[in-house]
Amino acid sequence: MVRALRWLTTILTALLALTANAATPAPPSGVLEADEVRFITANAEFTLMHEMGHLLIHELHLPVLGREEDAADQLGFYGLLLLQDEESDRTLYSKLLDVADYWRLQWQHNQAQGHDDAVWDSHALDQQRFFNLSCLIYGSDPDRLEWVLDVTGLPIERALYCDQEYAQVRHAVDWLMQTLARNQSDAGGQSINVIYEPPQLNIERGPELLLRVKNSRILEDVTHNASQMFRLPRPLTLGVRNCGAPDAWYDRNTGEMTLCWELVSHYANLMPELRKLREQQRLAAHKSP
Ligand SMILES: [Zn+2]
C-alpha cells in the first residue's frame, strides 16, 4: 500500500508542471512551493483512500454503524497514516493537516460565496469534516501533538476525547485486517481493472501527462495490491476520467471507482486561500506559549 500510493507524487508533479502556465495562481516564479505540492498530493491520496474505503465497505460487506461517508473518511485517514513507515513525523503530520485544512478551505470558500450548508447531504458538513479529521490527528498522539490544537483551533471540549476516537478507528481497521485480509495461500478473488481517459483539462500537454501516468503503472500497482490483500467477489474498475466537475466516487452498482482529473486541478486552484491560511497558522503557533 505504501509503495502503491507513490504514483500520486509522480502524477501530480507532472500535472503541476503542466498547469504552471494555466489559470492556477502561483508564486511570482511560476512554480509551486514544495508544501503546496504536498497539499495537493496529500489530498489526492486521501481521496483515493476514501473511495477505496467505499469499495471495501460494499465489496466485503463490512458492517457500518453511523454514516458511511464518515467511515470512508476514517479509512482514508488511516490509509494515510499507514504511510508513516516511510515518512518522517514532520512530513506525516503536515500531510494529515493538509487533508484537514482542505475541508476548512472548502468551508471558508462556501461561506464567502454565500452558499447554504448542505445539511441534507450524506457527507458531514465541510467544517465538521475539518474538525473530525483534526481530532483524529490530535488523538493519534495527544502528548506530542498539543500544537495541533493551536493550528486547528480544535476546542478542548472535543479534544479531551480525541484519543478515544482515534483508538476506535484503529480498532476497526485492526479488526478488518485480522478478519478479512487473505492469507498468501488463498486462491481466487477478482481484480480491479484500470481505465484511463485522456485528460481534457485546460492544459496543452495533456497527452504527455496521460502517457507518464500510464507508463508508471502505479495505478495498476494500487489495484493489484488491493486485490491481493482482500478477496474481491467480482471484477471491479478504477476509472481516471473527465467528469466535468471536481469529484470522485465509488458506484456500488457498476463496481467502478472514479477519480476525476478536475479534482486535482481544483486542489491546485486553492493555492491563494491556502497561502493565507498558512500565514494565519504561523501567527497562531507563534502566539502560543
Ligand atoms: Zn464518499
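Fair warning: this is a prediction, and the values are worked out from it, not measured in the lab.

Caption draft 1: Quick peek at the overall build of the chain. When helices and strands are counted, the chain shows 12 helices and 4 strands. Split into buried and exposed, the 289 residues of the chain put 48% on the buried side. Counted over contacts in the chain with a minimum sequence separation of 6, partners at least 24 positions apart contribute 68%. Roughly 14,800 Å² of accessible area belongs to the chain as shown, and the carbon and sulfur atoms make up 50% of that amount.

Caption draft 2: Main features of the packing of helix α3 (residues 68-81) against helix α5 (residues 126-139). At a closest axis distance of 11 Å, the pairing of α3 and α5 adopts a crossing angle of 40°. What the angle tells us is that α3 and α5 run oblique. Seen from above, α3 lies across α5 with right-handed handedness. For the pair α3 and α5, contact is made by Asp73, Gln74 and Phe77 and by Arg129, Leu133, Leu136 and Ile137, respectively.

Caption draft 3: A look at helix α2 (residues 34-59). For α2, built from 26 residues, the straight-helix expectation of 38 Å at 1.5 Å per residue is met to within 8% by its first-to-last C-alpha distance of 37 Å. Downstream of α2 by a residue or two, His61 has a phi angle that is positive, lying close to 55°.

Caption draft 4: Structural context of the packing of aromatic side chains. Using the criterion set out here, one finds 6 aromatic pairs in the structure. On the basis of an interplanar angle of 40° and a centroid distance of 6.3 Å, the ring pair of Trp107 and Phe130 is categorised as tilted. Here Phe130 lies in helix α5 and Trp107 lies in helix α4 (residues 89-112), a separation of 23 residues in the sequence. Residue classification places Phe130 among the buried positions, given a relative accessible area of 0%. Look at Phe130 and Phe131: their rings are 4.8 Å apart centre to centre, the planes differ by 50°, and that puts the pair in the tilted class. On the basis of relative accessibility, which here comes to 23%, the residue Phe131 falls in the partly exposed class. Over the ring of Trp103 we find Arg129; its NZ or CZ atom is 3.8 Å from the centre of that ring.

Caption draft 5: Seen up close, the nonpolar core. If you look at the biggest cluster of nonpolar residues, it comprises 68 residues, and the most contacted ones within it are Leu55, Phe77, Leu96 and Ile137. No other element matches the 10 residues that α2 contributes to this core. Residues contacting Leu55, with those up to four places away along its chain left out, are Leu60, Ile192, Leu232, Leu236, Tyr250 and Met257.

Caption draft 6: Focus on the packing of α2 against α4. Where α2 contacts α4, the two axes come as close as 8 Å, and the packing angle between them is 80°. It follows that α2 is roughly perpendicular to α4 by the angle criterion. Between α2 and α4, the residues in contact are Asp35, Arg38, Phe39, Ala42, Asn43, Glu45 and Phe46 and Ser94, Lys95, Asp98, Val99, Tyr102, Trp103 and Leu105, respectively. Among the residues forming the contact of α2 with α4, the class breakdown is 7 nonpolar, 2 polar and 5 charged.

Caption draft 7: Just α4, in detail. Taking 1.5 Å of rise per residue, 24 residues should cover 34 Å, and α4 covers 34 Å from first to last C-alpha, within 8% of that figure. Immediately beyond the C-terminal end of α4, within one or two residues, lies Gly114, with a positive phi of roughly 75°.

Caption draft 8: Fine view of the side chain of Glu256. Inspection of the secondary structure puts Glu256 in strand β4 (residues 256-260). A polar side-chain atom of Glu256 sits 2.6 Å from a polar atom in the side chain of Arg241. Polar contacts involving the side chain of Glu256 include one to the side chain of Thr258, which spans 3.3 Å. Once you skip the residues sitting within four places of it in the chain, Glu256 turns out to touch Thr237, Gly239, Arg241, Trp249, Tyr250 and Asp251.

Caption draft 9: A look at the sheet that holds strand β1 (residues 192-196). Spatial strand order, β1-β2-β4-β3: 4 strands in an open sheet with mixed pairing. Each end of this open sheet is capped by a strand with a single partner; those strands are β1 and β3 (248-251). Each strand of the sheet is rotated relative to its neighbour by a mean of 15°, with strand direction disregarded. In this sheet, β4 lies alongside strand β2 (residues 236-241) in parallel orientation, the contact comprising 5 bridges. Residue pairing across strands places Arg241 opposite Cys260, the latter belonging to β4. On the sheet, α2 packs against β1, β2, β3 and β4 and is oriented at approximately 10° with respect to β3. Contacts from helix α11 (residues 261-269) reach β2, β3 and β4, with the element oriented near 40° to β4.

So, how was this worked out
- Residues numbered from 1 in each chain as written.
- Predicted model: local features only at pLDDT ≥ 70, side-chain atom pairs only at ≥ 80, totals over all residues.
- Heavy atoms only, no water.
- Helix = DSSP H or I, 4+ residues; strand = E, 2+ residues; numbered from the N terminus.
- Buried < 20%, exposed > 50% of the residue type's maximum accessible area, 1.4 Å probe, protein only.
- Contact = heavy atoms within 4.5 Å.
- Areas by Shrake-Rupley, 256 points an atom, 1.4 Å probe, with all protein chains shown as cover.
- Axes fitted to C-alpha atoms, helices over the stretch in contact; angles between N-to-C directions.
- Parallel < 35°, antiparallel > 145°, perpendicular 65-115°, else oblique.
- Left-handed = near helix turned anticlockwise from the far one by under 90°.
- Expected span 1.5 Å × (residues − 1).
- Phe/Tyr/Trp six-rings, centres within 6.5 Å; stacked < 30°, edge-to-face > 60°.
- Lys NZ or Arg CZ within 6 Å of the ring centre and 35° of its normal.
- Core = buried A, V, L, I, M, F, W, Y, C linked by side-chain atoms within 4.5 Å.
- Nonpolar A, V, L, I, M, F, W, Y, C, P; charged D, E, K, R; others polar.
- Polar contact = N/O pair within 3.5 Å; in protein donor to acceptor, adjacent residues only side chain to side chain.
- Pairing = 2+ DSSP bridges.

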